[in-house]
Amino acid sequence: MTTYGTIPTSSGGTTTTNIEYLSRAKHRVITGLGTRRPWKEMLNLASINFPHNISDSYSRIKTNTAYFRMNYAIIVLIILFLSLLWHPISLIVFVVLMAAWLFLYFLRDEPLMIFHRVIDDRVVMALLFVVTVVLLLLTGATVNILVAMLIGLVVVVVHAVLRRTDDLFLDEDGVEAGGYLVASS
């Protein structure tokens, strides 16, 4: 039997596989970005005040960076992205690196394992940060990158110092990971 001029139909092979892959990717984006803390909670003006002393400042920085880690990473990456808009080569490198950030940090369902060892999220974030900065510095936009990183660091530290931590409580399931819960008011 000849089938000239007909459109071949698949019996659910690659088309179904591609649709399932896209569906899983969409689900991972939604749930992966769901692990960040709500922006409304982070920018709650009622939780902003000055610390009483230096040790209170250090305590706030430690607690807030552990609690809002993903939000802070997103803020720094957005500031870095905005600084690279006028450097197309750097922007292309940044987009490729953002794919690495998405798959290795933001959208992972399970812990990263290398040679049967679990790699902590803080280590993954630090390594991705270093690789991002080094590769972007090699593109020739050094001043823009350094200024953007400095601005991002200042924004994160200022928020971490000013955001009160008395409404953040340890998450019993995530104590070993440094997880916190927010007391609802």
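Definitions and limits used
Residues numbered from 1 in each chain as written. Predicted model: local features only at pLDDT ≥ 70, side-chain atom pairs only at ≥ 80, totals over all residues. Heavy atoms only, no water. Phe/Tyr/Trp six-rings, centres within 6.5 Å; stacked < 30°, edge-to-face > 60°. Helix = DSSP H or I, 4+ residues; strand = E, 2+ residues; numbered from the N terminus. Buried < 20%, exposed > 50% of the residue type's maximum accessible area, 1.4 Å probe, protein only. Axes fitted to C-alpha atoms, helices over the stretch in contact; angles between N-to-C directions. Parallel < 35°, antiparallel > 145°, perpendicular 65-115°, else oblique. Contact = heavy atoms within 4.5 Å. Nonpolar A, V, L, I, M, F, W, Y, C, P; charged D, E, K, R; others polar. Salt bridge = Lys/Arg side-chain N within 4 Å of Asp/Glu carboxyl O.

A. Looking closely at the packing of aromatic side chains. Under the counting rule described, the total for this entry stands at three aromatic pairs. When the centroid spacing of 6.0 Å and the interplanar angle of 35° are considered together, the rings of Phe81 and Phe94 count as tilted. Of this pair, Phe81 sits in helix 4 (residues 69–83) while Phe94 sits in helix 5 (residues 88–106), and the two are 13 residues apart along the sequence. The class of Phe81 is partly exposed, set by a relative accessible area of 32%. Given the relative accessible area of 3%, Phe94 is considered buried.

B. Representation of the packing of helix 4 against helix 6 (residues 121–137) in the model. Between helix 4 and helix 6, the shortest axis-to-axis distance is 12 Å and the interhelical angle comes to 5°. Accordingly, the angle class assigned to the pair helix 4 and helix 6 is roughly parallel. Side by side, helix 4 and helix 6 meet where Arg69, Ala73 and Leu80 of the first sit next to Asp121, Arg122, Met125, Thr132 and Leu136 of the second. Tallied by class, residues from the contact of helix 4 with helix 6 come to four nonpolar, one polar and three charged.

C. Geometry of the pattern of salt bridges. All chains considered together, the criterion is met by two salt bridges. The salt bridge involving Asp56 is made with Arg60; its shortest N-O contact spans 3.7 Å. A residue pair is termed a helical-turn pair when its members lie 3 or 4 positions apart in one helix, as Asp56 and Arg60 do in helix 3 (residues 54–67) at four residues. A residue is classified by how much of its surface remains accessible, and Asp56, at 21% relative accessible area, is partly exposed. Look at Arg60 and you get buried, because its relative accessible area is 5%. One salt bridge connects Arg122 with Asp120, and the closest N-O pair in it is separated by 2.7 Å. Asp120 gets classed as partly exposed once you look at its relative accessible area, which sits at 33%.

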